[in-house]
Amino acid sequence: MTTLLIATRNAHKVGEIAAILGPAFRYLKVRGEDNLPAVVEDAPTFAGNAVKKAETIARALLLQSASRLPDAGEKFFVLADDSGLEVDALGGAPGVHSARFAAMDSGQEGNSPDTANNAKLLRLLADVPPPRRTARFRCVLALVEVDRAVPLLTPQLFEGACEGQIDLAPRGAGGFGYDPLFIPQGHSQSFAELGEDVKNGLSHRAKALAELRRWFASSHG
């Protein structure tokens, strides 16, 4: 079986990826005891951040955490994701800063609470009418194979986007991040209202993961 170490400590993201890809893979997540480095996501693009995370974790595994690597013959990959919300009326913001959107106002490091990010977004869009509140979620995945016998391989990149618009107020109790504010194109409910099964069929991450699944089928089938 192919093992994917998902380079995040975000349990929501790990669960979503596993639910979308299904049982064809074995999933591992980053654990505190792995002593893997924290990756500063300072690249100007989603692709740059995803590649940086995947390569940093893959190198650290080869150097520090050999016990986490599978037996010879088993395929092992690090999968990193960078994703965010692009709002047209804000020139594409928050973009790569989506997770730390509110914290940027005070110069704090690290991610902001979802409620704070959502509140800032609504504040900035207060005078923007519904027709101009178009936005999209974008996701870029970077996949790096980890093999003791070879140098670090070139990352494979997979991208997906989901078009929609920003609602006037949060709706729904599901999901995470900006899900309560984002209404995907063709729907009248937010991601937080639609539920996991519907979201996982049309989200930006689902589309990127579909590309990844097709790549595995064609190159490792």
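Located above this text is the structure these notes cover.
Trainee: Teacher, can you tell me more about the pattern of salt bridges here?
Mentor: Side chains that differ in charge, positive against negative, can pair when their charged atoms come close. For the structure shown, the criterion picks out 19 salt bridges. Across the salt bridge formed by Glu 16 and Lys 199, the nearest N and O atoms sit 3.1 Å from each other. Of this pair, Glu 16 sits in helix α1 (residues 11-21) while Lys 199 sits in helix α5 (residues 196-202); the two residues are 183 residues apart in sequence, bridging distant segments of the chain. Lys 199 matches Glu 16 in its accessibility class, with the two residues each being buried.

Trainee: Before we go on, may I ask you to explain the pairing of strand β4 (residues 134-145) in this structure?
Mentor: Each regular strand displays side chains that alternate between the two surfaces of the sheet. β4 sits mainly inside the fold: ten of its twelve residues count as buried. Sheet topology note: the β4/strand β5 (residues 156-166) ladder contains ten bridges and is antiparallel. Within β5, the position partnered with Arg 138 by the bridge is Ala 161.

Trainee: How should I be thinking about the side chain of Thr 3 in this particular structure?
Mentor: Note on placement: Thr 3 falls in strand β1 (residues 2-6). Setting aside chain neighbours within four positions, we find Thr 3 in contact with Arg 26, Leu 28, Glu 74, Lys 75, Phe 76 and Phe 77.

Trainee: Is there a simple way to think about helix α3 (residues 114-124) in this case?
Mentor: One full turn of an α-helix is made of 3.6 residues, so residues set three or four places apart face in the same direction. Turning to α3, its buried residues number three or more, namely Asn 117, Asn 118, Lys 120, Leu 121 and Leu 122. Buried-residue contacts for α3 involve β3 (76-87) and β5.

Trainee: Would you mind showing me how to read the pairing of β3 here?
Mentor: In terms of burial, β3 is largely enclosed, as twelve of its twelve residues are buried. Burial of β3 is two-sided: the residues Phe 76, Val 78, Ala 80, Asp 82, Gly 84 and Glu 86 facing one way and the residues Phe 77, Leu 79, Asp 81, Ser 83, Leu 85 and Val 87 facing the other way are all buried. Across eleven bridges, β3 lies against β4 in antiparallel orientation. Bridge pairing in β4 places Val 78 opposite Val 144.

Trainee: Explain the sheet that holds β5 to me, please; I cannot follow it from the model alone.
Mentor: Within a sheet, neighbouring strands are paired by backbone hydrogen bonds and run either parallel or antiparallel to one another. Pairing within the open sheet is mixed, and its six strands lie in the order β2-β1-β3-β4-β5-β6. Taken across any chain shown, the strands that pair with only one partner, and hence form the sheet edges, are β2 (25-29) and β6 (182-184). Within the sheet, the average angular offset between the axes of one strand and its neighbour, ignoring direction, is 35 degrees. Its contacts with the sheet put α1 on β1, β2 and β3, and the angle it makes with β2 is roughly 175 degrees.

Reading guide: rules and limits
Residues numbered from 1 in each chain as written. Predicted model: local features only at pLDDT ≥ 70, side-chain atom pairs only at ≥ 80, totals over all residues. Heavy atoms only, no water. Salt bridge = Lys/Arg side-chain N within 4 Å of Asp/Glu carboxyl O. Helix = DSSP H or I, 4+ residues; strand = E, 2+ residues; numbered from the N terminus. Buried < 20%, exposed > 50% of the residue type's maximum accessible area, 1.4 Å probe, protein only. Pairing = 2+ DSSP bridges. Contact = heavy atoms within 4.5 Å. Axes fitted to C-alpha atoms, helices over the stretch in contact; angles between N-to-C directions.

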